[in-house]
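# Analysis of the macromolecular model
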Amino acid sequence: DSSSNNDASSVALLKPAAAACPQADLSVTKTQSPANYVSGAPVTYAVTVNNAGPSAANGASISDFLRGYGQGNATNLQATFVSCTPGGGAQCPANSAFHNYSGVGAYDNYLFSTPVPQLPSGGSLTIIYTLVATDTAAPCSSGSGDIQNFASVTAPAGVTDPESGNNYRSVALLLTCADISVNKSVAPITTVSGGAVTYTIDVASAGPADTNNIAFS
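Residues numbered from 1 in each chain as written. Predicted model: local features only at pLDDT ≥ 70, side-chain atom pairs only at ≥ 80, totals over all residues. Heavy atoms only, no water.

It is worth spelling out the pattern of salt bridges at this point. Pairing is possible between side chains that carry opposite charge, provided their charged atoms lie close to one another. What the rule picks out here adds up to 2 salt bridges. Here D64 makes a salt bridge to K30, at a shortest N to O gap of 2.6 Å. With D64 in strand 3 (residues 61-70) and K30 in strand 1 (residues 24-33), the pair connects residues that are 34 residues apart, well separated along the chain. The same class applies to D64 and to K30, which are both buried. Note that D108 is salt-bridged to R67, the shortest N-O span being 2.6 Å. On the criterion of sequence distance, the pair formed by D108 in strand 6 (residues 107-115) and R67 in strand 3 is long-range, its members being 41 residues apart. (Salt bridge = Lys/Arg side-chain N within 4 Å of Asp/Glu carboxyl O. Helix = DSSP H or I, 4+ residues; strand = E, 2+ residues; numbered from the N terminus. Buried < 20%, exposed > 50% of the residue type's maximum accessible area, 1.4 Å probe, protein only.)

Right, here's the structure in full:
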C-alpha cells in the first residue's frame, strides 16, 4: 500500500445539547405595621412576591399562615384579606384563593396557599391583609408570646430558583400579659360632719409579665 493515510475513515453522530433549565430568582418580602401590639388595634401585613428572572415562573406557589406562641394562643384573632395588586405583567390568583381567619390563637392557619397564574420575569404581586388581635377575658396563660406570620414562594415544576434563601420571610407581633388590679378603701367607714376621711388606692400587678406605663385615673 503506497499510502496508508486513506486506509480508514470515520463519521460522527452529533447529539444536540440539552436545553438549559429555565431559571427564575423568586423572592418574598413581608412587612407589619405597626410593630407593637395594642389590643383591638388593626395591624396591616404586606406580602410582596417578585420574580427577578430571567425566566417566567407561571404557576409558582405562594403561601402565608399564622402561628401563635405563648400568650398568642390566648388571643382572639381576626384576619381579613384586603387586596392583591399585580405588577410587571403578573396575574393575581382569584380572590377566592385568599381566606379570612377568625379564632382564638392560631396554629398554621393558612390565609392562602395557591399557585400564581402568571409571574413573568420582572413581575410581582403585593398582597395586603389586616389582623385585629384582642385580649381575651381569661387570665394570662403566659407572660409573653407572639403571633407570627409566615410567607413563602416556591418555583413551579421545571423551573429552577438559583437563590432559595429569599423565598421565605416571617414577622412577629410581640405580646405581653399581666393581671392588673385596683382596690380602693376608705377609713374611717363612718364619720361626722366636718370629719376627715382617708382614701387609699392600691394598684397591683400579679404578672406574670412585668408592666410599665400603666394608664391610671
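Let us look at the nonpolar core. Core analysis: the largest hydrophobic core is formed by 37 residues, its most contacted members being I62, L66, L119, I127, Y129 and I147. Those elements that place two or more of their residues in this core are strand 1, strand 2 (42-54), strand 3, strand 4 (75-87), strand 6, strand 7 (124-135), strand 8 (144-154) and strand 9 (168-176). Those residues in contact with L119, other than ones at most four positions away along the chain, are L26, V49, N51, A56, A57, N58, A60, A90 and S124. (Core = buried A, V, L, I, M, F, W, Y, C linked by side-chain atoms within 4.5 Å. Contact = heavy atoms within 4.5 Å.)

To continue, consider the packing of aromatic side chains. The tally for this structure, following the rule as stated, stands at 7 aromatic pairs. The interplanar angle of 70 degrees and the centroid separation of 5.2 Å between the aromatic rings of F98 and F112 together place this pair among those described as edge-to-face. Placement of F98 in the loop between strand 4 and strand 5 (101-104) and of F112 in strand 6 is noted, with a sequence separation of 14 residues between them. Residue F98 shares its accessibility class with F112, and that shared class is buried. Connected via pairs of aromatic rings, a cluster forms that spans F65, Y110, F150 and Y168. In this arrangement the basic side chain of R67 is found over the ring face of F150, its NZ or CZ atom lying 5.3 Å from the centre. (Phe/Tyr/Trp six-rings, centres within 6.5 Å; stacked < 30°, edge-to-face > 60°. Lys NZ or Arg CZ within 6 Å of the ring centre and 35° of its normal.)

This part takes up the sheet that holds strand 1. Strand order across the open sheet formed by 5 strands is 1-2-7-4-5, with antiparallel pairing between neighbours. Pairing within the sheet leaves two strands with one partner each, and these edge strands are strand 1 and strand 5. Neighbour-to-neighbour, the strand axes of this sheet turn through a mean angle of 20 degrees, independent of strand direction. Alignment of strand 4 against strand 5, held across 4 bridges, turns out to be antiparallel. Counterpart to A79 in the pairing with strand 5 is Y101. (Pairing = 2+ DSSP bridges. Axes fitted to C-alpha atoms, helices over the stretch in contact; angles between N-to-C directions.)

Under the criterion given, the structure shown has 1 disulfide. Residue pairing for C84: its cysteine sulfur links by disulfide to C92, the two sulfurs lying 2.1 Å apart. On the sign convention where negative is left-handed, the bridge of C84 and C92, at about -85 degrees about the S-S bond, is left-handed. For the pair C84 and C92, one class covers both residues: buried. (Disulfide = S-S within 2.5 Å.)

Bringing the environment of P188 into the picture now. Relative to the assigned elements, P188 resides in the loop between strand 10 (178-187) and strand 11 (198-208). Residue classification places P188 among the partly exposed positions, given a relative accessible area of 39%. When the C-alpha positions of P188 and Y199 are compared, they lie 9.1 Å apart, and in sequence the two are 11 residues distant. Beyond its immediate sequence surroundings of up to four residues, P188 is in contact with A196 and V197.

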